[in-house]
Amino acid sequence: MHEKIIILDFGSQTTQLIGRRIRELSTYCEIVPYNKFPEDDTGIKGVILSGSPYSVNEAKAFKIDLNSIRKKYPVLGICYGAQLLAESSGGKVESINSREYGRAHLSFVDNSDPLLKGINTGAQVWMSHGDTITELPESFRVIASTDDVEAAAYHIEGEMTWGVQFHPEVFHTENGTHLLDNFLQICGCLKDWTPASFIESTVEDLKNQIGDDKVILALSGGVDSSVTAVLLNKAIGKNLTCIFVDHGLLRKYEFENVLKDYEHLGLNVIGVDAKEKFYKELAGVTDPEQKRKIIGKGFIDVFNEEALKLKDIKWLGQGTIYPDVIESLSITGTVIKSHHNVGGLPEKMHLKLVEPLRLLFKDEVRLVGTELGMMPNLIKRHPFPGPGLGIRILGDITPEKVRILQDADDIYISLMREWGLYNKVWQAGAILLPIRSVGVMGDERTYENTITLRAVTSTDAMTADWAQLPYDFLAKVSNEIINKVKGVNRVVYDISSKPPATIEWE
């Protein structure tokens, strides 16, 4: 059983970021709603209290009895977590003029305190709080201040409990990861959470969980489903059957290339060409949500049809990852979003679910894939939507529009790789607009289609900025697409960020 840190989520937007930072420090952690502390405390080494959108003084603020946690484990309260610790012990938290947002600098640091060891006065920290602790309870000792906030960090004497009013998990806090590492040392963590240790324990768990049963898995060609397949294959070998459906909305040559990649990995894969079925069902449909529903239902129908040809299947494998699991629970523990990639299939086919990646963040999935010896082109692939090019063709879908977009997208992505830009962006792709415009080719006027190029930088897809690709690269892509893709006479580049725009257009 791995040691772990429990992060109690009071609703902060950066709670997942705390989790990622702890994982980056080779320590396993679990994020749970603030009022759902695990009944089984095996392996728990320490507890972190997250920030919150609420003030501790609001009637609707999330509060729990901290006495059951304090003194039993080392505790670190961050922002709201620090204020809750102070307020619940008789301190004062008030909204005053010295509220801080953004950068601040530590004007005093007691780096003899184990939490702040190696952190110096003057270090930049990131603040995001309207309330401030104005009066600390007895036994709370200030260990760091800023110009505006005296109790920027404190230690409760006689127990291993600390609070910081800044956010050590965000990029802008200097030595923030160092502070979290200090906390892990206080907790006595061995820091043995690595891709190799995850693979070893997961393969063992899968063998015990599945035994000699048979498993089916829907492959998409993406990172999550591919790593899931390789892990399951390592555990149960030929008892795994993978199904890869070509809905006719994949990238150019993707169906053939991905099947070859899977063959190299020794996977047992059934490839299904279902293009005609999907084109027929999508004919004339322009509403984005309707397109998604038709593609989703069509995928389930094809998958189900293939699965029924197999005998004695007991399990359905899925590439669910940790952010999906976290998002599936609201702060009160009620389900707000279902992430079953294949809808109602588990119930419909009476299958049990196996989700070997459900504890991993996206970057950890890639590290595990690399450790498993998977090829970089599978591991470092950009995210690609389940409905594929169906939501990158605005308006109705026809085989001819698919051909135009596949050709344009292939030129764009191939040149990104050639110019060394592919791994520098989070996601890139071409979009076919339902707009035709006048152009001139040779001596003739044309009235043809417009392609939009999209490329964004991001760390988690929650927010994204448009990638500032070189002008000469964009000029080359535009020239190649217009000259080589029949039916296109105009190329534009999308310079919208998320928010307010989304990464995909539909």
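Structural data are supplied above this passage.
Described below are features of the structure shown in this document.

The rules we used
Residues numbered from 1 in each chain as written. Predicted model: local features only at pLDDT ≥ 70, side-chain atom pairs only at ≥ 80, totals over all residues. Heavy atoms only, no water. Phe/Tyr/Trp six-rings, centres within 6.5 Å; stacked < 30°, edge-to-face > 60°. Helix = DSSP H or I, 4+ residues; strand = E, 2+ residues; numbered from the N terminus. Buried < 20%, exposed > 50% of the residue type's maximum accessible area, 1.4 Å probe, protein only. Pairing = 2+ DSSP bridges. Axes fitted to C-alpha atoms, helices over the stretch in contact; angles between N-to-C directions. Contact = heavy atoms within 4.5 Å. 1 Å grid on protein atoms, 1.4 Å probe; cavity = no way out; pocket = protein on both sides within 12 Å on 5 of 7 lines; lining within 4 Å. Points joined across faces, edges and corners; volume = space filled by probe spheres on them. Nonpolar A, V, L, I, M, F, W, Y, C, P; charged D, E, K, R; others polar. Parallel < 35°, antiparallel > 145°, perpendicular 65-115°, else oblique. Left-handed = near helix turned anticlockwise from the far one by under 90°.

Examining the packing of aromatic side chains
No. 1: Under the criterion given, the structure shown has 15 aromatic pairs.
No. 2: Residues Phe 10 and Tyr 80 carry aromatic rings whose centres are separated by 5.4 Å and whose planes lie at 45° to one another, so their mutual orientation is tilted. A residue pair is termed long-range when its members are at least 10 positions apart, and Phe 10 in the loop between β1 (4-9) and α1 (15-24) and Tyr 80 in helix α2 (residues 80-87) qualify at 70 residues.
No. 3: In this structure Phe 10 comes out as buried when scored by relative accessible area, which is 0%.
No. 4: The class for Tyr 80 is buried, based on a relative accessible area of 1%.
No. 5: When the centroid spacing of 6.0 Å and the interplanar angle of 25° are considered together, the rings of Phe 299 and Phe 303 count as stacked. Residue Phe 299 and its partner Phe 303 are located together in helix α8 (residues 288-307), separated by 4 residues, close to a single helical turn.

Description of the sheet that holds strand β11 (residues 240-246)
No. 1: Spatial ordering of the open sheet is given by β12-β11-β10-β13-β14, a layout of 5 strands whose pairing is parallel. Because the sheet does not close on itself, it has two edges, and the strands there are β12 (269-273) and β14 (352-354). Adjacent strand axes in the sheet meet at a mean angle of 30°, parallel and antiparallel pairs treated alike.
No. 2: The pairing of β11 with β12 spans 5 bridges and is classified as parallel. Bridge pairing in β12 links Phe 244 to Gly 271.
No. 3: Against the sheet, helix α6 (residues 254-264) contacts β10 (214-219), β11 and β12, and its axis sits at roughly 175° relative to β12.

Observations concerning empty space enclosed by the protein
No. 1: This structure, assessed with the given rule, holds 2 cavities of 30 Å³ or more.
No. 2: Looking at the largest cavity, its volume works out to about 50 Å³.
No. 3: Along the walls of the largest cavity sit Arg 392, Gln 427, Ala 428, Gly 429, Ile 431, Arg 454, Ile 503 and Glu 504, which together make up its complete lining.
No. 4: Split by residue class, the lining of the second largest cavity holds 6 nonpolar, 3 polar and 1 charged.

Details of the packing of helix α13 (residues 399-418) against helix α14 (residues 471-484)
No. 1: α14 packs onto α13 with a crossing angle of 150° between their chain directions and a minimal axis gap of 9 Å. Comparing the axis directions of α13 and α14 gives the class roughly antiparallel. Regarding α13 and α14, the two cross each other, and that crossing is right-handed. Of the residues in α14, those in contact with Ala 408, Ile 411, Tyr 412, Leu 415 and Met 416 of α13 are Phe 473, Lys 476, Val 477, Glu 480, Ile 481 and Lys 484.
No. 2: Taken together, the residues of the contact of α13 with α14 break down into 8 nonpolar, no polar and 3 charged.

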